[in-house]
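Coordinates in review
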Amino acid sequence: MSQRKRSKGAAFSQGDEDDDDDFSLSQTQTHSQVQRNLERRSRDEVNRKVSELVQFLLVKDQKKIPIKRVDILKKVIREYKDVYSEIVNQAGRILQQVFGLQLVEIDTKHHIYILTSSLPRVEGENLKRDNQTAKLGLLTIILSFIFMKGNSAKDSAVWEFLRRLRVHPGEKHEVFGDVKKLVTEEFVRQKYLEITPIPLTDPPEFCFQWGPRAAKETSKKDMLNFVAKIQQKEPSFWTSQYNEAEANP
């Protein structure tokens with residue numbers, strides 16, 4: 001895309017020049033070129049870059065620091081410049097659908113961006129709302145993971161899944177704080193999750209399931225549609241989950 005002008009909230013342009021020679025996007029790439037580049041890349045590695053970019057943007061937003069494109073290229077994208085637009089677009093979808101955030105360019109000359117909330121804001125409570133939105137986004141991810149795992153998931157599987165998203169249960173997260181406490185105490189207290197011990201396990205293992213509030217406030221169909229959007233597939237791709245969601249919308 002060679003035009004300099006962008007609409008509010010648009011994703012980054014693949015072809016803009018950058019002041020940093022080592023990390024500039026030196027040529028305009030068409031959609032078909034990006035798709036060919038994707039075929040040469042490992043899907044797992046691209047997904048990892050998407051997860052890294054989401055976390056990078058969330059941390060920057062939590063500190064209310066404007067986001068420079070050159071920093072994204074240097075610190076996250078790096079050698080994946082050839083699929084830059086795809087990584088940014090996927091990260092943008094996750095931010096919008098999970099966290100209710102939109103990537104907006106505020107300086108077209110220097111390519112500086114911020115994240116804005118698409119949810120209604122109350123004056124003086126922006127930070128509180130941002131934190132709550134992020135927590136609900138994390139909860140949605142966990143609930144969808146449990147459903148896709150057959151409505152029950154071992155604690156070890158949940159923690160490993162979150163680690164792949166750069167959310168480590170044993171470390172203090174800049175957005176979520178104490179992740180393990182948030183998941184095992186707050187979400188459980190709010191009745192979004194139920195965690196039960198698995199009998200005859202040593203060391204003890206636990207099972208994650210939906211709590212009664214989750215069953216009232218969302219649905220399996222919603223969770224499957226959420227996963228399908230993130231994965232860019234039709235819900236029917238997952239036959240078992242699709243049939244269950246249709247039977248219990």
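All of these numbers come straight from a predicted model, not from anything done at the bench.

**Points about the sheet that holds strand β7 (residues 193-198)**
Spatially, β4-β8-β7 is the arrangement adopted by the three strands of the open sheet, whose pairing is antiparallel. Every other strand in the sheet has two partners, leaving β4 (153-154) and β7 as the edge strands with one partner each. By the bridge criterion, two bridges tie β4 to strand β8 (residues 205-210) in an arrangement that is antiparallel. The residue of β8 that forms the bridge with A153 is F208. Sheet strands in contact with helix α7 (residues 179-189) are β7 and β8, and its direction is about 125° off that of β7.

**Re the packing of aromatic side chains**
Going through the model one piece at a time under the given rule, you end up with three aromatic pairs. Centroid distance W159 to F208: 5.8 Å. Interplanar angle 85°. Geometry classified as edge-to-face. Remark: F208 occurs in strand β8 and W159 occurs in helix α6 (residues 155-164); sequence separation between them is 49 residues. As far as the burial class goes, W159 and F208 line up, both buried. Pairing F237 with W238 gives two aromatic rings, centres 5.1 Å apart and planes at 80°, and the pair type is edge-to-face. Assessed through its relative accessible area of 15%, W238 is described here as buried. Positioned above the aromatic ring of Y192, the side-chain terminus of R213 is 5.6 Å from the ring centre. One cation-aromatic arrangement involves K233 over F237; the distance from NZ or CZ to the ring centre is 4.6 Å.

Conventions adopted
- Residues numbered from 1 in each chain as written.
- Predicted model: local features only at pLDDT ≥ 70, side-chain atom pairs only at ≥ 80, totals over all residues.
- Heavy atoms only, no water.
- Pairing = 2+ DSSP bridges.
- Helix = DSSP H or I, 4+ residues; strand = E, 2+ residues; numbered from the N terminus.
- Contact = heavy atoms within 4.5 Å.
- Axes fitted to C-alpha atoms, helices over the stretch in contact; angles between N-to-C directions.
- Phe/Tyr/Trp six-rings, centres within 6.5 Å; stacked < 30°, edge-to-face > 60°.
- Buried < 20%, exposed > 50% of the residue type's maximum accessible area, 1.4 Å probe, protein only.
- Lys NZ or Arg CZ within 6 Å of the ring centre and 35° of its normal.

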